[in-house]
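Report on the structure
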Amino acid sequence: MCTVVIDVEDARSARLLAVRDEDPQREWDGLGPWWPERYPGVTGIRDRRAGGAWLAVNAAERRLAVLLNRADVGGLTEDRAVSRGSLALESVVGRSPEGPLPMHGFNLLEVRPEGARVLSWDGMTLRETPIDAGTHMIAHDDLDDDATPRIHAWLPHFRALGPAAASAAWAEEWIALLAETTALSPEDDRAIIRDNRPHGYPTQSLLYCVASVTATGVEVHDRALPSPAHWSADTGTTA
């Protein structure tokens, strides 16, 4: 039940904040070039168990992808399901998924030279949602879905900060707002820094990334939380 906030200026420029929720018992590695042979030039956040990526970046091609889980409407069993961990890696080398897919549901947010979009798979249909100019938010359902409590609660606040491209301090401003959201309990369904166990999932927020993809280059920073679903005063930095 990850969360991404993205501000799109135009097809060549987007900035985002991504919060990763995962089982704390599932080990991971911070941003790095973990796939030099199969995906040269690609960096990302690696899942050690399956070897795939939650977030991946190809700076040379100005591509970035983030993977978010989504509920299935199909009946795919665990023994038949293929890992979704390759999706972000394949995306940033120019190979976006095509349906049908032997995978559980997902939202794959892609920032590409052609523009930003979300590819959504629910076990039956693969849909494309272009991301228009402006500030948007996505979690486990559709883009800007007002029925998702954290989107309903916080998207207006992110939009009120104004266009990210207009502020050299946009990342600091967004992280400061993210820190404000932690006044809510992580078990509150409006929370962005989350403990999803009361909602039936073993996942908790573990880290966040801020990234910009522009005509002049790509910049990404990741920051681990001090402990699952917890924020501290020194968490809010991109260093």
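If you check an unreviewed UniProt entry, the protein appears there as NRDE family protein from Microbacterium croceum.

Now for the layout of surface pockets. The calculated volume of the largest pocket comes to roughly 910 Å³. The wall of the largest pocket is formed by 34 residues, among which Glu 22, Arg 26, Asn 69, Arg 84 and Gly 105 lie closest to the centre. Elements with a minimum of two residues in the lining of the largest pocket: strand S2 (13-22), strand S5 (53-58) and strand S6 (63-69). Looking at the lining of the largest pocket residue by residue, the classes come out as 13 nonpolar, 8 polar and 13 charged. By volume, the second largest pocket amounts to about 220 Å³. The wall of the second largest pocket is formed by 14 residues, among which Ala 168, Trp 170, Ala 171, Ser 212 and Glu 219 lie closest to the centre. Of all elements in the fold, only helix H3 (170-181), strand S11 (204-214) and strand S12 (217-224) reach the threshold of two or more residues within the lining of the second largest pocket.

In this section: the pattern of salt bridges. Summed over all chains, the structure comprises 18 salt bridges. Residues Arg 48 and Glu 27 are paired through a salt bridge, measuring 3.3 Å at the closest nitrogen-oxygen approach. Linking Arg 48 in the loop between strand S4 (42-47) and S5 with Glu 27 in the loop between S2 and strand S3 (28-32), this pair joins segments that are 21 residues apart in sequence. The class of Arg 48 is partly exposed, set by a relative accessible area of 44%. Residues Arg 46 and Asp 29 are paired through a salt bridge, measuring 2.8 Å at the closest nitrogen-oxygen approach.

Glancing now at the side chain of Asn 196. For Asn 196, the location among the structural elements is in the loop between H3 and S11. You can call Asn 196 buried: its relative accessible area is 0%. Every residue in contact with Asn 196, bar those within four places of it in the chain, is listed here: Met 1, Asp 21, Tyr 201 and Thr 203.

About the cut-offs
Residues numbered from 1 in each chain as written. Predicted model: local features only at pLDDT ≥ 70, side-chain atom pairs only at ≥ 80, totals over all residues. Heavy atoms only, no water. 1 Å grid on protein atoms, 1.4 Å probe; cavity = no way out; pocket = protein on both sides within 12 Å on 5 of 7 lines; lining within 4 Å. Points joined across faces, edges and corners; volume = space filled by probe spheres on them. Helix = DSSP H or I, 4+ residues; strand = E, 2+ residues; numbered from the N terminus. Nonpolar A, V, L, I, M, F, W, Y, C, P; charged D, E, K, R; others polar. Salt bridge = Lys/Arg side-chain N within 4 Å of Asp/Glu carboxyl O. Buried < 20%, exposed > 50% of the residue type's maximum accessible area, 1.4 Å probe, protein only. Contact = heavy atoms within 4.5 Å.

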